[in-house]
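Close look at the chain arrangement
Given next are the chains, with one letter for each unit.
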Protein chains: 2
Amino acid sequence: MSIGMNILGLGGHSSAWRYAEVDPMSYIDIDYYRNIGRISERGTLDAIFLADGPALAGNPAGGPAGRLEPTLVLTAIALATERIGVIATASTSYNSPYNLARRIASLDHISGGRAAWNVVTTAGDAAARNFGLTGAPIHDDRYGRAEEFVEIAVKLWDSWEDDAIIADRERGVFADAAKVHSIDHVGTHFSVRGPMNIPRSPQGRPVLVQAGSSEQGKSLGARHADAIFTTQTTLEDGQAFYSEMRARAAAFGRDPDSIKIMPGLSTVIGSTEAEALARQAELDDIQGFESQLSQMAQRLQLDPKDLDVDSELPWHLIGEVGRVENGSHGFFEAQINLARREKLTVRQLSGRIRSGHRLVAGSPEQIADTLEEWFRKGAADGFNIMPDMFPSGAEIFVDHVVPELRRRGVFRTEYTGTTLRDHLGLSRPASQYA
Amino acid sequence: MSIGMNILGLGGHSSAWRYAEVDPMSYIDIDYYRNIGRISERGTLDAIFLADGPALAGNPAGGPAGRLEPTLVLTAIALATERIGVIATASTSYNSPYNLARRIASLDHISGGRAAWNVVTTAGDAAARNFGLTGAPIHDDRYGRAEEFVEIAVKLWDSWEDDAIIADRERGVFADAAKVHSIDHVGTHFSVRGPMNIPRSPQGRPVLVQAGSSEQGKSLGARHADAIFTTQTTLEDGQAFYSEMRARAAAFGRDPDSIKIMPGLSTVIGSTEAEALARQAELDDIQGFESQLSQMAQRLQLDPKDLDVDSELPWHLIGEVGRVENGSHGFFEAQINLARREKLTVRQLSGRIRSGHRLVAGSPEQIADTLEEWFRKGAADGFNIMPDMFPSGAEIFVDHVVPELRRRGVFRTEYTGTTLRDHLGLSRPASQYA
């Protein structure tokens, strides 16, 4: 299986910053990120993942919201490590294709073929208000723009053929100009001439990751993505999503094995289950239940007052999944799926979800159990792991869960390749211009 | 004096890539940049400078045009060094203020207060064609956009007051929300809500560098810039520009000492003058005179056919300085100023200009002579050095010119501060919201 380490601020638990072991200022300290990169590489994980949004979300009083720009942080991580991949989230709604494609290709060059771009369209007003070009409002159709954006990025990545560079000092010919192509893209949202201003990067195309769960998001992922990050909270839903995405990829003429499905998993790990539950209780205590409730309500786009903690979700208020207009479709769906399938009260549900993802608190064996089960039962090719706090949550995972997975023969004992494509079992695509 | 090292591809000489000692592929090799960063820091230089343009300029057959994205490369350099500053060029015409301000602020955090942004507006069609948003053509008034862009960036850098973060674990209060400000900018080109999604960076505001030489460029620099990069080819013109920019800054109510004037200098250094001239002749030979002629014609916006190599420039074709509409005003002006003042033939002129900047080929003492003269005679606070090729051109400068400057008492023997502002002798500005 593949495993990504999601460095979500100071940890997947929103109160991580208040925990004694955690330095609250480390979220803007590059050594913090490099350290977690090295820990994760010690565990031969596939990649470091960084989420992103170009806005300060939420009240700054509540915790260290916001983050350093991911491509810079991942440059630092890549240069502090040798093999682990680096996955940068970036928005198609608030970037230009040329700049972003170039930044990701630069990261691929700098890391020696370990870069990926996690394509997001960025919901929410906070970001939109930071990009309100006068007279050019953000287009309603975020996914229409995203489709075209990805297409342009791939063209730019392909614009130098692999053997374009000759570097003949004697004759003074650096590149074969016939193998460096303008892309001449003219579309609905963009017109981009190209070519890219750097040669094709080590992976040919940096890995494309996609995480949208709406109909449009799934279509974009099935068509273009090498890996899908997803929020799945029950094995059944995970299996259904896994099959659906492979079928959708096949419908686009792709080999279903060329799309890797990676659900998120929030972890709280102890030497024993009791230790894990104590750690979780301590963190929950620091946060306070009110705050958890408000996070849950926000994901459901409800008022916290509408949630009765000892009853099931107020189903009559929730309505159809399709109603998520300005939030994460995936988080919404995952939360209600779990509550509905297991008939959970609001309080029970809050103990099973963290950062919008399935939460498992347990011993290393228990964590390995659930990863192995989902992997063997066709619900996942891999996982995006969100430890409760850093660095200890990453250390426990690497030092105790990874060895258990290796013993069971479901995870590598060493890196066998050098690129992120190698780790994920993806081939290196030829240039469309070759 | 202050000294920046300008890593212009593989060297300031356009045929550097064909020189035996140079690996033509190193322009996309991050170790190449880190090595030059370390060499420059050994010489206690103020900063590494990277030019940029978001397009492949020129024919890829001619040499390694194009470059890795500067903020990523400078992240790598900053983390391979301890003290030297890192200056990233980025365009106001082809970025969004929120994204760019954030990336530069991130670089300032990552480098511990060593980041600068060189503000450019990016002339030329090649870049424009990579950013032709359908229905949203690039605004004619590049400098109007630039002025507003810089104003927004500064507001965003100021949006967290220095003491906004409390990080009170016990009470669960991370920041004093009253000290984190929306900027609520609504202008002609942009509307940006803010605040920045990271706290104020170590320098308060990253250093602002500006290099435009047109009337609008000089006005932007005089109003906002901490340092001015400029192309000056004769001492007299250097002195005039120096006085003019200080007067312009004063007219905006600024202390003239708060704006540092740094002309570019292309260097070819040998142990003796003869050795330097031999090195230059060898490089010129590799390039061929036709190619030099064509570069010169391009900067003059003329056809090479109009240049008679053994005569002066065809003055009747050149006309007024103001005619540079789609090229570098500074390069144009510097070239004709030198030719006019010294009545040079085209051939002579080509030996005195490299990469659009004044070229000096000589011994370490001769290089130190001209730097000292310009510095002592009121033409420069510092210099942006463009060695002919890397790494040897940087090594010779650091190991032979720097000691000479130190002996003469015009350059530091060790870093006395930790930030780029410290090196340049600039104070740390308070937040405008404090």
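Worth saying up front: this structure is predicted, and the values here are computed from it rather than measured.

1. Observations regarding the overall build of chain A
Helices and strands together make up the secondary structure of chain A, namely 15 helices and 14 strands. Computed over C-alpha atoms, the radius of gyration of chain A comes to 22 Å, within 12% of the 22 Å expected from 2.2 N^0.38 for 434 residues, which places it in the range of a compact globule. Over its C-alpha atoms, taken along the principal directions, chain A stretches across nearly 75 × 50 × 45 Å. Burial status across chain A gives 63% buried among its 434 residues. Taking the contacts inside chain A whose residues are at least 6 apart along the sequence as the reference set, 77% of them involve residues at least 24 apart. If you sum the accessible surface of chain A, you get close to 15200 Å²; carbon and sulfur atoms cover 47% of it. Taking the 44 positively charged and 57 negatively charged side chains of chain A as two groups, their mean positions are separated by 3 Å.

2. A short note on the environment of Gly 85 of chain A
All names here are of chain A. As for its placement among the helices and strands, Gly 85 is situated in strand β3 (residues 85-91). Judged by relative accessible area, Gly 85 falls into the buried class, the value being 0%. Sequence-distant contacts of Gly 85, that is, excluding residues within four places in its chain, are made with Asp 46, Ala 47, Ile 48, Arg 114, Leu 420 and His 423.

3. Quick notes on the pattern of salt bridges
Two side chains bearing opposite charge may form a pair once their charged atoms approach each other closely. This model, assessed by the stated rule, comprises 64 salt bridges over all chains. Arg 129 of chain A is the partner of Asp 125 of chain A in a salt bridge, and the nearest nitrogen-oxygen pair spans 3.9 Å. Asp 125 of chain A sits in the partly exposed class, given a relative accessible area of 40%. Residues Arg 352 of chain B and Glu 342 of chain B are paired through a salt bridge, measuring 3.0 Å at the closest nitrogen-oxygen approach. Linking Arg 352 of chain B in the loop between α12 (346-350) and β12 (353-354) with Glu 342 of chain B in helix α11 (residues 329-342), this pair joins segments that are ten residues apart in sequence.

4. Considerations on the pairing of strand β5 (residues 165-168) of chain A
Residues and elements named next belong to chain A. Where β5 and strand β6 (residues 173-175) come together, two bridges link them in antiparallel fashion. Note on β6: the bridge partner recorded for Asp 168 is Val 173. Here β5 hands over to β6 after four residues, with Gly 172 in that stretch at a positive phi of 75°.

5. As for the interface of chain B and chain A
Counting residues at the interface gives 79 residues for chain B, matched by 79 residues for chain A. In total, about 6000 Å² of surface goes out of reach between chain B and chain A, with carbon and sulfur atoms giving 61% of it. It is Leu 72, Arg 169 and Phe 174 of chain B that lose the most area in chain B upon contact with chain A, and together they represent 13% of the buried surface on that side. One can count two salt bridges joining chain B with chain A. Put simply, Arg 102 of chain A and Asp 52 of chain B hold a salt bridge, and the shortest N to O gap is 2.6 Å. The interface formed by chain B and chain A includes 34 residue pairs in polar contact (both at pLDDT 80 or more). For the side of chain B that touches chain A, the secondary-structure elements that each account for two or more residues are α1 (30-42), α2 (70-79), α3 (97-111), β5 (165-168), β6 (173-175) and β8 (191-192) of chain B. Across the side of chain B that touches chain A, the residue classes tally to 42 nonpolar, 22 polar and 15 charged.

6. A few points about the environment of Leu 50 of chain A
Residue and element names in this part refer to chain A. Structurally, Leu 50 can be placed in strand β2 (residues 47-50). Of the residues examined, Leu 50 reaches a relative accessible area of 4% and is grouped as buried. Separated by 19 residues in the primary sequence, Leu 50 and Glu 69 place their C-alpha atoms 9.4 Å from one another. Residues contacting Leu 50, with those up to four places away along its chain left out, are Ile 7, Tyr 33, Pro 70, Val 73, Leu 74, Ile 87, Ala 88 and Thr 89.

7. Remarks on the relation of the copies chain B and chain A
In the superposition of chain B on chain A (RMSD 0.0 Å, axial shift 0.0 Å), the rotation amounts to 180°. Considering both components of the superposition, the chain copies are consistent with a two-fold axis. Taking the C-alpha atom as reference, chain B places Leu 72 of chain B closest to the rotation axis, 2.8 Å from it. Most of the interface of chain B is mirrored in chain A, where 100% of its interface residues again form contacts.

8. Let's talk about helix α11 (residues 329-342) of chain A
Since there are 3.6 residues in each turn of an α-helix, residues three or four apart along the chain are aligned in direction. Residue and element names in this part refer to chain A. Counted at 1.5 Å a residue, the expected span for α11 with its 14 residues is 20 Å, and the 20 Å between its end C-alpha atoms agrees. Among the residues making up α11, those that are buried are His 329, Gly 330, Phe 332, Ala 334, Gln 335, Ile 336, Asn 337, Leu 338 and Ala 339. Check the buried side of α11 and you find it contacts α7 (235-251), α9 (289-300), α10 (315-318), α12 (346-350) and β12 (353-354). At the exit of α11 stands Lys 343, carrying a positive phi of roughly 50°.

9. Regarding the UniProt feature "binding site: FMN" (unreviewed entry) in chain A
Per the UniProt entry, the sites bearing "binding site: FMN" (unreviewed entry) are Asp 52, Thr 89, His 139, Tyr 143, Ser 213 and Ser 214 of chain A in this numbering. One can find Asp 52 of chain A in the loop between β2 and α2 (70-79). Asp 52 of chain A gets classed as buried once you look at its relative accessible area, which sits at 19%. If we skip the residues at most four places from it in the chain, Asp 52 of chain A touches Arg 67, Pro 70 and Thr 89 of chain A together with Arg 102 of chain B. A polar side-chain atom of Asp 52 of chain A sits 2.6 Å from a polar atom in the side chain of Arg 102 of chain B. By secondary structure assignment, the location of Ser 214 of chain A is in the loop between β9 (207-210) and α6 (215-224). With near-sequence residues (within four places) excluded, Ser 214 of chain A lies in contact with Tyr 143 and His 329 of chain A. A polar atom in the side chain of Ser 214 of chain A sits 3.0 Å from the backbone nitrogen of Gly 217 of chain A.

10. A few points about unusual backbone geometry
Residue and element names in this part refer to chain A. Note that the residue after Gly 194, namely Pro 195, is joined by a cis bond; omega there is -5°. When you line up the elements, Pro 195 lands in the loop between β8 (191-192) and β9. Between Phe 390 and the following residue, Pro 391, the backbone shows a cis peptide bond with an omega angle of 0°. Among the secondary structure elements, Pro 391 is positioned in the loop between β14 (382-387) and α14 (392-407).

11. Observations concerning the packing of aromatic side chains
Describing an aromatic ring pair means giving the distance of the ring centres and the angle of the ring planes. Residue and element names in this part refer to chain A. Applying the stated criterion across every chain, the model contains 20 aromatic pairs over all chains. When the centroid spacing of 4.7 Å and the interplanar angle of 25° are considered together, the rings of Tyr 94 and Phe 131 count as stacked. One end of the pair, Tyr 94, is in the loop between β3 and α3 (97-111); the other, Phe 131, is in the loop between α4 (125-128) and α5 (142-158), with 37 residues separating them in the sequence. Each member of the pair, Tyr 94 together with Phe 131, is buried. Aromatic side chains Trp 117 and Phe 149 sit 5.6 Å apart centroid to centroid with 50° between the ring planes, which places their arrangement in the tilted category. You can see Trp 117 sitting in strand β4 (residues 115-120) and its partner Phe 149 sitting in helix α5, a full 32 residues away along the chain.

What counts, and at which threshold
Residues numbered from 1 in each chain as written. Chains lettered and ligands numbered in written order. Predicted model: local features only at pLDDT ≥ 70, side-chain atom pairs only at ≥ 80, totals over all residues. Heavy atoms only, no water. Helix = DSSP H or I, 4+ residues; strand = E, 2+ residues; numbered from the N terminus. Rg over C-alpha atoms; globule rule 2.2 N^0.38 Å. Buried < 20%, exposed > 50% of the residue type's maximum accessible area, 1.4 Å probe, protein only. Contact = heavy atoms within 4.5 Å. Areas by Shrake-Rupley, 256 points an atom, 1.4 Å probe, with all protein chains shown as cover. Lys, Arg positive; Asp, Glu negative; His and termini not counted. Charge placed at Lys NZ, Arg CZ, Asp CG, Glu CD. Salt bridge = Lys/Arg side-chain N within 4 Å of Asp/Glu carboxyl O. Pairing = 2+ DSSP bridges. Buried area = accessible area lost by both parts, 1.4 Å probe. Polar contact = N/O pair within 3.5 Å; in protein donor to acceptor, adjacent residues only side chain to side chain. Nonpolar A, V, L, I, M, F, W, Y, C, P; charged D, E, K, R; others polar. Least-squares fit on C-alpha atoms with pLDDT ≥ 70 in both. Expected span 1.5 Å × (residues − 1). UniProt positions renumbered as here; feature names shortened; annotations may be inferred. Phe/Tyr/Trp six-rings, centres within 6.5 Å; stacked < 30°, edge-to-face > 60°.

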